[in-house]
Amino acid sequence: MSSKLSPTEMPETQAVAAGPLAAYRQRVADGQLAADPEQQRAAARLDQLFEELRTYPAAHAARRGLRGLFGRASRTAARPRGVYLVGDVGRGKSMLMDLFFEVAPVRRKQRIHFHRFMQDAHRRLHAMKRADPSLTDPIPPLAQAISTDAILLCFDEFQVNDITDAMILGRLFDALFERGVVVVATSNTRPEDLFQGRPGSDAFRPFIATIRREMDTVLLDSPRDYRRGGLRGMATWHVPADARAELRLDAAFDQLAEDAVAGPETLTVMGRPFVVPLAAGGVARFDFETLCDRPLGAGDYLALASRYPALVIDGVPRLGPENFDVARRFIVLVDALYEQKVKLVASAADRPDRIFQRGEGAKAFERTASRLEEMQSQAYLDLPHLP
Ligand SMILES: Nc1ncnc2c1ncn2[C@@H]1O[C@H](COP(=O)(O)OP(=O)(O)O)[C@@H](O)[C@H]1O
Ligand SMILES: [Mg+2]
C-alpha cells in the first residue's frame, strides 16, 4: 500500500466545464437519474462551491514546496466554505459528490473513502515520528504534506469510529483549513452527533465546532432509497448454514456494501456503545450468537434497524425449550427489522417455521416465522427502508 495520498491532477488545457447542477440536470434529462428535488437542492449548493472554486487562487496553483503559496496566501484569499452532505444510505450522497468531484475546477484534488484517509494519516504520523524522534508534533507537517497534494478533499462516508481518530481529527483539520484546504464530505451522521455519548466525546466538541464553522451541512432527505432492490432476484434465507451458505452471504454482503469499505462500527444506544462487528455502507453482518445470545434488548435492535437498511445473519440454529430467552430476543429483533423494512439475508439450520417449535414463546414465534417468510418476498425486498 502506498503511504502517499495520490491526488488527481487536472490537465492544464481542460475547457471550462459546466458545474454539478448542470451535470445533474443533464443526467436527469438523459434518463440516467430520476428527478429528485432534494438532490437538486444539494447539487445547487455544490454548484455554488464550484463557482467559488473558479476564483479561488489556491485551486489553480500548481503544487509548491513546503513553504509554498498555500501556507500564506490562502489564509487571506477568501476560502470557500466546504459542504457536509448528510442523509440516510441510498439517498445519492456519494453520487452527488462524485458528480461534483469530476467537474470541480481544481488542479490538485482528491476523492477518498474517509476510512482509508484516516488509516493513511495514522500510518504517516507513525512514520514521521520514527524517522525523526525529536519531532514533537507531527500533525503540522502531515497537514502540510496533504495540502501540498490536494487543496480539495472529498471524503466519502465521513465517520468517527474510535478515540484514536477523535484525538487527531481536530488538530489535523484545523491545520488543513489553515492551509487553505476545502473539504466536501458525505456522511450518515450529522456533525453535532459525531462521536457523541462516548468516553472522550467532550474533547471532540471543538472538532464539531470546526466542522460547523468551515462547512455547510446539507441534509439530503429524499424519501427514496435509490439503493433498494439491491437484492432483486437473490435468495435471502439459506438452508443449511454450511460453507456454501456462507459464500452466498459473503456475496450478498458485498453486493449490499457496494464499494464501501467494511469494518467494525459503533452505534450509541442510550449513551452506551453498541459494537457492530462488521458493517459497510448500508449493511451490517452478525453471527446469530453475537446478536441473540447476549444481553441485548429492543433498544439495540431498533438502533440496528434504523441505521442499516440490510442485515446479514450467519447461522440461525434450531432452538429448543431451553433456548426460550434466545428465541425471545430473536422475536424482538425480527419485529424491529420487519417494522423498519430492513432487508434480511440469513443462513439457518432450517425453514423459519421450524426454528422454534417448542418452548415458552413458541406460539409467538409463529408470527415471527410468517414475517421471516414474507421478508423473503420480492414485494418486501422492494419496499423502502423506514429508518
Ligand atoms: N436520482 C437518482 N436516480 C436514480 N438512481 C439514483 C439516484 N440517486 C442515486 N441513485 C443511485 O442509487 C444508488 C445509491 O446512491 P449513493 O450515492 O451511493 O447513495 P448514498 O451515498 O447516499 O448511500 C447509486 O447506485 C446511485 O447511482
Ligand atoms: Mg455513499
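See the structure printed just above.
The structure reproduced in this document is the subject of the present report. Keep in mind that this is a model prediction, so the values were computed, not measured.

### Description of the packing of aromatic side chains
Then step 1. Evaluated as defined, the whole model comprises 18 aromatic pairs.
Then step 2. Aromatic pair F158 and F207: ring centres 6.2 Å apart, planes at 10°, arrangement stacked. Linking F158 in the loop between β4 (152–156) and α8 (163–178) with F207 in helix α9 (residues 201–214), this pair joins segments that are 49 residues apart in sequence. With respect to class, F158 is no different from F207; both count as buried.
Then step 3. Ring centres of F173 and F207 lie 5.3 Å apart, and the angle between their planes is 85°; this geometry places the pair in the edge-to-face category.

### Side note on the pairing of strand β3 (residues 108–113)
Then step 1. Summarising burial for β3: 5 of the 6 residues are buried, a large majority.
Then step 2. In this sheet, β4 lies alongside β3 in parallel orientation, the contact comprising 5 bridges. Across the sheet, K109 pairs through a bridge with L152, a residue of β4.

### Quick notes on the side chain of E265
Then step 1. As for its position among the elements, E265 is in strand β8 (residues 263–269).
Then step 2. In this structure the side chain of E265 is engaged in a polar contact, spanning 3.3 Å, whose partner is the side chain of R307.
Then step 3. Among the polar contacts listed, one links the side chain of E265 to the side chain of Y308, at a separation of 2.6 Å.
Then step 4. Not counting chain neighbours up to four residues away, the residues in contact with E265 comprise Q159, N161, F274, V275, V276, A279, R307 and Y308.

### Some thoughts on the nonpolar core
Then step 1. Judged by nonpolar contacts, the single largest core of 65 residues is most densely connected at F100, F155, F158, L172 and F173.
Then step 2. Here this core takes 8 residues from α8, the largest share from any one element.
Then step 3. If near-sequence neighbours (up to four positions away) are discounted, F158 is found in contact with Y84, F114, F173, A185, T186, S187, L194 and F207.

### Focus on the sheet that holds strand β12 (residues 343–348)
Whether parallel or antiparallel, the strands of a sheet pair through hydrogen bonds between backbone atoms.
Then step 1. Ordered in space as β7-β12-β11-β10-β9-β8, the 6 strands form an open sheet in which the pairing is mixed. The two strands at the open ends of the sheet, each matched to only one other strand, are β7 (237–238) and β8.
Then step 2. The pairing of strand β9 (residues 272–280) with strand β10 (residues 283–287) spans 3 bridges and is classified as antiparallel. Bridge pairing in β10 links L278 to R285.
Then step 3. Seen against the sheet, helix α10 (residues 243–257) touches β7, β9, β10, β11 (310–316) and β12 and runs at an angle of roughly 155° to β10.
Then step 4. Each of β8, β9, β10 and β11 is contacted by helix α12 (residues 298–307), which is oriented at about 120° to β8, the strand it contacts most.

Conventions adopted
By convention here, each chain's residues receive numbers from 1 onward along its written sequence. Each chain is given a letter, starting from A, and each ligand a number, starting from 1, according to the order in which they appear as written. Per-residue local features of the predicted model are confined to residues with pLDDT of at least 70, and side-chain atom pairs are confined, for both listing and counting, to 80 or more; whole-chain, interface and lining totals are unaffected and use all residues. Just so you know, side-chain values use all the structure's heavy atoms and leave hydrogens and water out. Pairing of aromatic side chains here covers Phe, Tyr and the six-membered ring of Trp, requires ring centres within 6.5 Å, and sorts the geometry by plane angle: under 30 degrees stacked, over 60 edge-to-face, intermediate tilted. Comment: elements are numbered from the N terminus, with helices defined as DSSP H or I runs of at least four residues and strands as E runs of at least two. Burial classification: accessible surface area is computed with a 1.4 Å probe over protein chains only, and a residue below 20% of its type maximum counts as buried, one above 50% as exposed, and the rest as partly exposed. Pairs of strands are assigned from DSSP output, requiring at least two bridges between the strands. For the purposes of these results, a polar contact is taken to be a pair of N or O atoms within 3.5 Å, where, inside protein, one atom must be able to donate a hydrogen and its partner to accept one; residues adjacent in sequence count only when each atom of the pair is a side-chain atom. Should any heavy atoms of two residues lie within 4.5 Å, those residues are counted as being in contact. Side-chain atoms within 4.5 Å link the members of a nonpolar core, which is a set of buried Ala, Val, Leu, Ile, Met, Phe, Trp, Tyr and Cys residues. For every element, the axis is a line fit to its C-alpha atoms; helices are fit only across the contacting stretch, and the angle between N-to-C directions ranges from 0 to 180 degrees.

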